[in-house]
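# Topology and contacts: notes
Below, each chain spelled out in residue letters.
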Amino acid sequence: MKILEDRILAEGRALNEDILKVDSFINHQVDVELMKAIGKDFADHFKDKNITKVVTIESSGIAPALMTAEALGVPMVIMKKQPSKVLNDDLLQTVVTSFTKGTSYELTLSQKFLDENDHVLFIDDFLANGEAATGAIRLIRMVHATVAGIGILIEKSFMPGKEKLTSAGFDVYSLARIKKLDKGKIEFVEE
Ligand code: 5GP
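Here's a quick rundown of the structure. (Residues numbered from 1 in each chain as written. Predicted model: local features only at pLDDT ≥ 70, side-chain atom pairs only at ≥ 80, totals over all residues. Heavy atoms only, no water.)

On a plain count of helices and strands, the chain comes out with six helices and 10 strands. Across its three principal axes, the chain shows a C-alpha extent of roughly 45 × 35 × 35 Å. Put simply, 62% of the contacts in the chain that link residues at least 6 apart link residues at least 24 apart. Accessible surface, the chain as shown: approximately 9,500 Å² in total, 51% of it carbon and sulfur. In the chain, which carries 24 positive and 29 negative side-chain charges, the distance between the mean positions of the two groups comes to 3 Å. (Helix = DSSP H or I, 4+ residues; strand = E, 2+ residues; numbered from the N terminus. Contact = heavy atoms within 4.5 Å. Areas by Shrake-Rupley, 256 points an atom, 1.4 Å probe, with all protein chains shown as cover. Lys, Arg positive; Asp, Glu negative; His and termini not counted. Charge placed at Lys NZ, Arg CZ, Asp CG, Glu CD.)

Turning to the side chain of Lys-162, a few remarks are in order. As for its position among the elements, Lys-162 is in helix α6 (residues 161–167). Those residues within four positions of Lys-162 in sequence are excluded, and the remaining contacts are Leu-127, Glu-155, Val-172 and Arg-177.

For the rest of this paragraph, the subject is the site of the ligand. Around the ligand sit 16 residues, and of these Leu-20, Asp-124, Asn-129, Gly-130 and Ala-132 come closest. The backbone of Ala-128 places a nitrogen or oxygen atom 2.8 Å from an oxygen atom of the ligand. Ala-132 is positioned such that a nitrogen or oxygen atom in its backbone is 2.8 Å from an oxygen atom of the ligand. Protein coverage of the free-state accessible area of the ligand, which is 500 Å², stands at 89%. Its atoms largely coinciding with the cavity grid, the ligand occupies the largest pocket. Counting residues per element, the ones that place at least two in the shell around the ligand are β7 (119–127) and α5 (131–142). The dominant element in the shell around the ligand, judged by the number of residues it contributes, is β7, at four residues. (Near = heavy atom within 4 Å. Polar contact = N/O pair within 3.5 Å; in protein donor to acceptor, adjacent residues only side chain to side chain. 1 Å grid on protein atoms, 1.4 Å probe; cavity = no way out; pocket = protein on both sides within 12 Å on 5 of 7 lines; lining within 4 Å. Sits in = over half its atoms within 2 Å of the grid points.)

Now the structure itself:
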């Protein structure tokens, strides 16, 4: 997606070979018009997949997931990050290791909001090792819902997440694909 790539080049900051900061338009301040365009792009791409819910992880997935849900005319469900296990019959949890923080959290979903009839589009801001996405998929499968697609804003193609998910048979659609990061340098995969 050209407008996202242009914005990453203009305002993104590669902190090192692994981490890209996009605080001025995705992760801290949010560009609403850009999120609308992203939502429309995801909705167009997945329009024939019979999506019934858009699912994301708090907090940076919420803005693009909301716009995608709006464009598809379906509800959005937010998976929460809890520091520890919560004993409650209604809540499903699975451990995820955070890429940026290096710590673990309990990804949490209430069983009330997804069931076996749902076709889920999972949206997240970044795909790196695929830990967050595979944790979300585990929860989606616990309620026997179907993962109909995965939409990612920024895929770090030099990390294993994309390959892991596609080789497991998932339809992964990324709007910007980064080949290489280095301090102050960002290179995209050529299409
Ligand atoms: P994964 O679970 O695929 O290893 O990492 C994805 C999660 O880590 C995303 O939900 C995102 O919040 C965070 N993340 C991974 N890489 C980056 C990065 O380069 N920059 C930012 N801001 N977040 C990242």
